[in-house]
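Per-entry structural report
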Amino acid sequence: MKQFITFVRKEFAHVLRDRKTLLILFGLPVVQIMIFGFALTNEVKNSKIIIVDYAKDITSQEITVKIGASKYFEIEKSVLTPERINSAFKEGKIKLAVVFPENFSHDLFHQNKASMQIIADASDPNIANTLTNYLSAIIADYQMQLNGSQLPPYRITTETRMLYNPQLKGVHNFVPGVMALVLMLVCVMMTAISIVKEKETGTMEILLVSPFKPILVIISKAVPYLVLSLVNVTSILLLSVFVLDLPINGSILLLFGESTLFIITCLSLGLLISVKTQSQQTAMLISLMGMLLPTILFSGFMFPVENMPVPLQIISNAIPAKWFYIIVKSIMIKGLGFSFIWKETAILFGITIFLLVVSLKNFKIRLA
Amino acid sequence: MRTIKFLLQKEFRQIFRNKAMMAIILAVPIVQLLILPLAANYEVKNINIAVVDNDHSEYSQKLASKIIASGYFRLTGFNTSFKDAYKLIEEDKADLILEIPHGFEQNLIKENEQKLFVAVNAINGTKANLGGVYLNTIIKNFNTDIRVQLMAPGKFTIRPTIEITSSNWFNPLLNYHIFMVPGILAILVTLIGGYLSALNIVKEKEIGTIEQINVTPIKKYHFILGKLIPFWILGLIVFTLGLLVSWLVYGIVPIGSIYLLYGFVAIYLLAVLGLGLLISTFCDTQQQAMFIAFFFLMIFILMGGLFTPIDSMPGWAKVITKFNPVSYLIDVMRMIILKGSGLKDVQNHLYTILAFAIILNSWAVWNYKKTS
């Protein structure tokens, strides 16, 4: 036991000595929470548009004012001719163009029908779709006004309630995601690199010939990262509660328990990578490309898993972060208890055992 | 010049010798390009809906079948009570509940007005928002259908109507892959360039071989150039491979000039490699370099406008994106590849990136000290 403590102290010294890495490790979650919390939003607003007005009559101007008043659109001041629509799109200055034909008002009131055109830059399909919908709604609204206050008969109205997240903030989605990502980064990459580093610099041999059990060498390497990760989990939770106003609805104890399980999963993954690779660069690239990217892709916090082709959906089941993400979301946001997430926990547990068995089988106590 | 030639020979030999790295450098981008666009699909469809029909009337059933027929929704529950449906939401089996109250059809006809209740699982904001919008559009259409059915024809069309024709330029089929692929290509070029250069000098520091170079008469800028050029060539090769994949798999051919595209990427690579080299000169171990590079690239990529529109960011974040080389590349890639923008359209981007390249590389040369 005394030996073990000595080894753990050695590893802590390694970690604490490298100030730059340490700074990044603690700074990363903070910066990520800030970026996700305050900079990134899926909401579409302030989109620049131009209005090509051939009609220049009262109706077209009234509609223009209405569009300009909406927070979704910003009308570019420059008056443009139709030929310039194309080049404005190419310069990337505008997202949408609205064209009023000549005699717009006249057609509308005398023939009871007038048409106008919306041209969207559909190189981003979602934005094009959303903007077209917003604009159509504004025009429909204008038409309602035009027709006076008389309401049409047989109205169906809807009352929509947004559960869990009434303001449609992105925070609810990404805090669990950032947690999974940071834990993955700290545990998988750091563990893998620090073990491979001993191999690369030749000090692994020294550790292996010591009277200390090889398996304990590995465990003592994992301990500092376990502690570091728990500190990170705590800081992410504190940030989300106090800075982002995202309360923890479920049991905190359960949340930490599940986090510890996921940390152990990641540590075993890091162990597996370190057992299989010989150089730090290879270990880094494998953990980066092979582990981190799939986590971002398949855990469901940035990309909707249900939209993916079926083979990818099947692959996503093998990604531990996906299950952790579901667990955190259920506990933190929905406030559910263990009875709702025992299945996910069991899967995570299974993956961990599998990873540990495989890496311990491959762990060689003799160097080639 | 001769010095650089020998340095290049050394660097290339080291790169080609590490077979595992070569495989990763070339294979990973291709795999990513194959998988990422499939995964990064923000088209919202297959929204799971649970319908609670308390009315069991002709209309309520018509409405339900209209919703399913729209193609956006997948019926996961036809429940008898709201409580059962709510349970489906808790288990993540449903994203949306539509509750049709008792007496829906009767009230609608007799009292001219009837309310429907919709509850949305809003943890995923985008999906909730779009799902709600789709559902409301369908209900509105259903409402119009009913009105037309119930009212005498003609009475309805007297009002002045504005007809909207909308067209989608540059991507008429609203194909999401076409939007994502150029952006992802930009990310791949950035990742490969940034990481490899960041790890390179620091590796020589860690194993100690940098001392051997420091005692030779090799000039500082020779050394940096010797590190820069191989990765620059490698980056262009990866970019070419990426373009080939996007042509063969996704059928995306740049609409604009391919020379302009290469010209821009070539300058951009210089900037990104400069950033990597700069990080490398600041660090002592590969682990440090790796994490610092990760830190910056992560911020650059997240704020680069690949996933979320830059226009919607708050003011301070927009200022940060002005100093983010990745956002320029993503922008230009989309402009040239999808819209066929020319030199005139992208020249401001070009100058900015050129400035980045010059500043970052000079800084790297300046910061690399031959004496420790």
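Because the structure is a prediction, the values reported are computed rather than measured. (Residues numbered from 1 in each chain as written. Chains lettered and ligands numbered in written order. Predicted model: local features only at pLDDT ≥ 70, side-chain atom pairs only at ≥ 80, totals over all residues.)

1. A look at the overall build of chain B
Just so we agree on the cut-off: Working definition: helices are DSSP H or I runs of at least four residues, strands are E runs of at least two. Numbering for both runs from the N terminus. Note on method: radius of gyration uses C-alpha positions; expected globular size equals 2.2 Å times residues raised to 0.38. Comment: burial labels come from other C-beta atoms within 10 Å of the residue's own C-beta, placed from the backbone, where a count of 20 or more is buried, 12 or fewer is exposed, and between is partly exposed. Two residues form a contact once the distance between their C-beta atoms, set from the backbone, is within 7 Å.
The helix and strand inventory of chain B stands at 14 helices and 5 strands. Radius of gyration (C-alpha) of chain B: 29 Å, far over the 21 Å computed for a compact globule of 372 residues. Referenced to the eigenvectors of the C-alpha coordinate spread, the extents of chain B come out at roughly 95 × 45 × 40 Å. Of all 372 residues assigned to chain B, the portion counted as buried reaches 44%. Within chain B, contacts between residues at least 6 apart in sequence are counted, and of these 79% link residues at least 24 apart.

2. Quick word on the overall build of chain A
Along its length, chain A carries 14 helices and 5 strands. In terms of overall dimensions, chain A is more spread out than a globule: its C-alpha atoms have a radius of gyration of 28 Å, far above the 21 Å expected for 368 residues. Dimensions of chain A, computed from C-alpha atoms along their principal axes, come out at roughly 100 × 45 × 40 Å. Looking at chain A as a whole, 42% of its 368 residues are labelled buried. Within chain A, contacts between residues at least 6 apart in sequence are counted, and of these 78% link residues at least 24 apart.

3. A look at the environment of V217 of chain A
All names here are of chain A. Structurally, the position occupied by V217 is in helix α9 (residues 214–242). Judged by C-beta crowding, with 20 C-beta atoms within 10 Å, V217 ranks as buried. Separated by 206 residues in sequence, V217 and E11 have C-alpha atoms that sit 9.7 Å apart.

4. Digging into the confidence of the model for chain A
Quick note on the threshold: pLDDT is a residue-level measure of predictor confidence that goes from 0 to 100.
The pLDDT averaged across chain A works out to 83; a share of 93% of its residues lies at or above 70. Confidence, expressed as mean pLDDT per element, reaches its minimum in chain A at strand β5 (residues 155–163) of chain A with 71 and its maximum at helix α10 (residues 252–276) of chain A with 91.

5. Regarding the pairing of strand β3 (residues 96–100) of chain A
Residue and element names in this part refer to chain A. In plain terms, the rule: Strand pairing is assigned whenever DSSP identifies at least 2 bridges connecting the two strands.
β3 sits mainly inside the fold: 5 of its 5 residues count as buried. Burial along β3 is two-sided: L96, V98 and F100 and A97 and V99, pointing in opposite directions, are all buried. Pairing of strand β1 (residues 47–53) with β3, which is carried by 5 bridges, proceeds in the parallel orientation. Bridging from a neighbouring strand, V52 pairs with V99 of β3. In the sheet, β3 pairs with strand β4 (residues 113–121) via 4 bridges, with the strands oriented antiparallel. Paired with A97 across the two strands is I119, which belongs to β4.

6. Describing unusual backbone geometry
Residue K56 of chain A is not a glycine yet carries a positive backbone phi of 50°. With respect to the element layout, K56 of chain A can be found in the loop between β1 and α3 (58–69). Positive phi, close to 50°, is recorded for H56 of chain B, a residue that is not glycine. Of note, H56 of chain B is situated in the loop between β1 (47–53) and α3 (58–69).

7. Let's talk about the interface of chain B and chain A
Spelled out, the test is: Classes in brief: Ala, Val, Leu, Ile, Met, Phe, Trp, Tyr, Cys and Pro nonpolar; Asp, Glu, Lys and Arg charged; the others, Gly included, polar.
Facing the 93 residues of chain B at the interface are 90 residues of chain A. Elements with a contribution of two residues or more to the side of chain B that touches chain A: α2 (19–39), α4 (82–90), β4 (113–121), α6 (125–150), β5 (161–169), α7 (176–207), α11 (286–302) and α13 (325–339) of chain B. Here the side of chain B that touches chain A takes 13 residues from α6 of chain B, the largest share from any one element. When its residues are assigned to classes, the side of chain B that touches chain A shows 51 nonpolar, 28 polar and 14 charged.

8. Brief notes about the pairing of β4 of chain A
Inspection of the sheet shows β4 of chain A paired to β5 of chain B by 9 bridges, in the parallel sense. Within β5 of chain B, the position partnered with K113 of chain A by the bridge is T161 of chain B.

9. Focus: the packing of helix α1 (residues 2–17) of chain B against helix α9 (residues 220–250) of chain B
Residue and element names in this part refer to chain B. Note the cut-off: A fitted line through C-alpha atoms represents every axis, and for helices the fit uses only the stretch in contact; the resulting angles, taken between N-to-C directions, go from 0 to 180 degrees. Throughout, the term roughly parallel applies to angles under 35 degrees, roughly antiparallel to angles over 145, roughly perpendicular to angles from 65 to 115, and oblique to all others. Handedness of each helix crossing follows the sense of rotation of the near helix against the far helix: counterclockwise by less than a right angle gives left-handed, clockwise gives right-handed.
Here α1 crosses α9 at 45°, and the two axes come no closer than 9 Å. In terms of their interaxial angle, α1 and α9 are classed as oblique. Seen from above, α1 lies across α9 with right-handed handedness. Seen from α1, the contacting residues are T3, I4, L7, L8, E11, F12 and I15; seen from α9, they are H222, F223, L225, G226, K227, I229 and P230.

10. Some points on the sheet that holds β5 of chain B
The 5 strands lie next to each other as β2(A)-β1(A)-β3(A)-β4(A)-β5(B), forming an open sheet whose pairing is mixed. One side of each edge strand has no neighbouring strand; the edge strands of this open sheet are β2 (73–75) of chain A together with β5 of chain B. Neighbour-to-neighbour, the strand axes of this sheet turn through a mean angle of 30°, independent of strand direction. Along the sheet face, α3 of chain A touches β1, β2 and β3 of chain A and points at about 125° away from the line of β2 of chain A.

11. Considering the nonpolar core
All names here are of chain A. Threshold: Working definition: the nonpolar core is a set of buried Ala, Val, Leu, Ile, Met, Phe, Trp, Tyr and Cys residues, joined through C-beta atoms within 7 Å.
Ranked by size, the top nonpolar core spans 174 residues in total, and within it L183, M184 and C187 carry the most contacts. In terms of residue count, helix α7 (residues 171–201) provides more of this core than any other element does, 19 residues in total. Leave out the neighbours within four places in its chain, and M184 touches C266, M291, L292, T295 and A321. Ranked by size, the runner-up nonpolar core spans 29 residues in total, among them A97, A114, I118 and A122.

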